[in-house]
Amino acid sequence: FQAESSSDRLAAFQQEVEALVRFKDEYFAQQQEQQQRGGRSAAVEARVEQIASRYADVGASISGPDSRCAHALSMGKLYHCLEEFDQRALDNLTTAAKLKPDQPEAWRLLGETYWKRRDYQSAYNCFNSALQHGRDSAVLRNLSMVLRALPFASAADRLAKVEESLAKAKEALQMDIKDGRSWAVLGNAYLSCYFTKDQSSTSMRLAMSAYSNAMKDPVASSDPDLHYNSAMAHVYLDQYEQALSGFRMAHRLDPSWPQAQEKVTQLPRMLSSIQDIIDSRGRLKPRVYKSMMEGFAQRRVKDLGPYAGGGYSDSRGESVALAEVRLSQLKVGANPETVLLLRVIGLPRADDQVCLSVCAMDSDEACSLVNIFNISADRGLTVGDAMAIPEPTLSRLDFADSETGRKFQFPIVRVPSPDCLVVNGKKAKASAWRSATVFSSQVSSSST
């Protein structure tokens, strides 16, 4: 009778742990449907303590390697539900993996626990051990993410890890083409390729397509991480309306997530700062404004620098003819064989370093936001600086904030790298370059 009772208690404990795992995995979707906003971390923590207290006697009453392994696995899984690293999860999952080394779930959970401790090499080893006992989409997704977190010895090593990460993400998706979680990880992998390789428009297009497919899955679309990562990609594309919508959705799904909350505050503040500078033309003093306008005529040749001759040599060494244009003459998209001369009129408030953003004006007094990517954080521009931008890419922002009603309407000139930028007649040096960074999502689980 005692043995049967112990077995029943263990089974009941396992069932409650599995129910907790489902509660955590489905939390954001359920809260969205019920319009209830609470912190998942606090809700899960309360349930973990309740279950641990209710079944504190189970471990002492069981015997046999199989039962002890099952108990250790469930104990590890219980404490693994906590958002932060917990030593009890690591200890129990290590025991489970040692008692039964051929169970991939123990290795996967152990790897995820090491990930929480930021021990990425141990996490990578555990995920590979899990794969030795069967292919699993969650493990493949985890490998895709942890490969991008591993240290790298060189640029070539980093690129190799990113390419392997992409391969693992594709392999995970092949196991279930409708799994939005795998689409989301694939989007992150393509985004990493975009920043690590050559910032190819193809990689960005594939990333956005993957995020779009992930949104079609009810489980994946309830994950705030997906909306946050997609929003970050929109920021890099100068698509601020979509970015703001994504950050707000991430915040609504998880109000306790500080990064999402920060973005919801920072992005409208930055856009308001830009709009104010453009509307007021930087609130420049009349004397400064007059000097700036006179400078377009008096220092035009000097400010154009190497572009003053009407051409330049591109990255392939081929000669490209350039005709000077104003903002009003640009079309949306690429503007080949043109050069745009602007002067900085203001520096908008920016809370992160996605790019260097400045507000600038041309000789017709038309104003625009200029976003300069891949420029070193210690490189900046000041009011009055002249910028010559060859073959500029133009987009237009035009939307009203659905929450505040504030309208944002201004052109955006995109400078993908400082190597083509001429500031006050001089080209940027190689030291102006920096590597772009991208937000890394949390490690995947079997159900999220």
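Residues numbered from 1 in each chain as written. Predicted model: local features only at pLDDT ≥ 70, side-chain atom pairs only at ≥ 80, totals over all residues. Heavy atoms only, no water.

- The chain is annotated in an unreviewed UniProt entry as TPR_REGION domain-containing protein of Macrostomum lignano.

### Considering the overall build of the chain
Then step 1. Summing up its helical and strand segments, the chain has 17 helices and 12 strands in all.
Then step 2. Each principal axis of the C-alpha distribution contributes one length, and for the chain these read about 100 × 45 × 35 Å.
Then step 3. By residue count, 51% of the 448 residues in the chain fall in the buried class.
Then step 4. Residue pairs at least 24 apart in sequence account for 64% of intrachain contacts in the chain once pairs closer than 6 positions are excluded.
Then step 5. Carbon and sulfur atoms make up 49% of the accessible area of the chain, which totals about 20900 Å². (Helix = DSSP H or I, 4+ residues; strand = E, 2+ residues; numbered from the N terminus. Buried < 20%, exposed > 50% of the residue type's maximum accessible area, 1.4 Å probe, protein only. Contact = heavy atoms within 4.5 Å. Areas by Shrake-Rupley, 256 points an atom, 1.4 Å probe, with all protein chains shown as cover.)

### Observations concerning the nonpolar core
Then step 1. Membership of the largest hydrophobic core comes to 117 residues, with the highest contact counts inside it found for Tyr240, Phe247, Leu271, Val370, Ile372, Met387 and Phe410.
Then step 2. Examining the composition of this core, we find that 10 residues originate from one element, helix α10 (residues 180–196), more than from any other.
Then step 3. Counting contributing residues per domain, this core is built from domain 1 (1–134) and domain 2 (280–436), each supplying no fewer than three.
Then step 4. Judged by nonpolar contacts, the second largest core, of 19 residues, contains Val17, Val48, Tyr55 and Tyr79. (Core = buried A, V, L, I, M, F, W, Y, C linked by side-chain atoms within 4.5 Å. Domains from an automatic or database assignment.)

### Details of the pairing of strand β10 (residues 407–415)
Then step 1. Of all nine residues making up β10, seven are buried, and the element is well covered by its neighbours.
Then step 2. Inspection of the sheet shows strand β9 (residues 393–400) paired to β10 by eight bridges, in the antiparallel sense. Each bridged residue has a counterpart across the sheet, and for Ala400 the counterpart in β10 is Lys407.
Then step 3. Taken together, β9 and the strand that follows it, β10, pair antiparallel across an intervening segment of six residues, in which Gly405 is found at a positive phi of about 80°. (Pairing = 2+ DSSP bridges.)

### Some points on α10
Then step 1. When the terminal C-alpha atoms of α10 are compared, their 24 Å separation across 17 residues agrees well with the 24 Å that a helix rising 1.5 Å per residue should span.
Then step 2. Extensive coverage of α10 is indicated by the burial of 17 of its 17 residues. (Expected span 1.5 Å × (residues − 1).)

### Points about the domain arrangement of the chain
Then step 1. Examined at the domain level, the chain breaks down into domain 1 (1–134) and domain 2 (280–436).
Then step 2. In this structure, domain 1 and domain 2 have C-alpha centres spaced 54 Å apart.

### Thoughts on the packing of aromatic side chains
Then step 1. This model, assessed by the stated rule, comprises nine aromatic pairs.
Then step 2. A centroid spacing of 4.9 Å and a plane angle of 80° characterise the contact between Tyr194 and Phe195, whose relative ring orientation is edge-to-face.
Then step 3. When the ring of Phe399 is compared with that of Phe408, the centres are 5.5 Å apart and the planes differ by 50°; the resulting orientation is tilted. As far as the burial class goes, Phe399 and Phe408 line up, both buried.
Then step 4. Members of the aromatic cluster, connected to one another through ring pairs, are Tyr194, Phe195, Tyr236 and Phe373.
Then step 5. The ring of Phe23 is capped by Arg47, whose NZ or CZ atom sits 4.0 Å from the centre of that ring.
Then step 6. Looking at Arg343, its charged tip hangs above the ring of Phe296, at a distance of 5.5 Å from the centre. (Phe/Tyr/Trp six-rings, centres within 6.5 Å; stacked < 30°, edge-to-face > 60°. Lys NZ or Arg CZ within 6 Å of the ring centre and 35° of its normal.)

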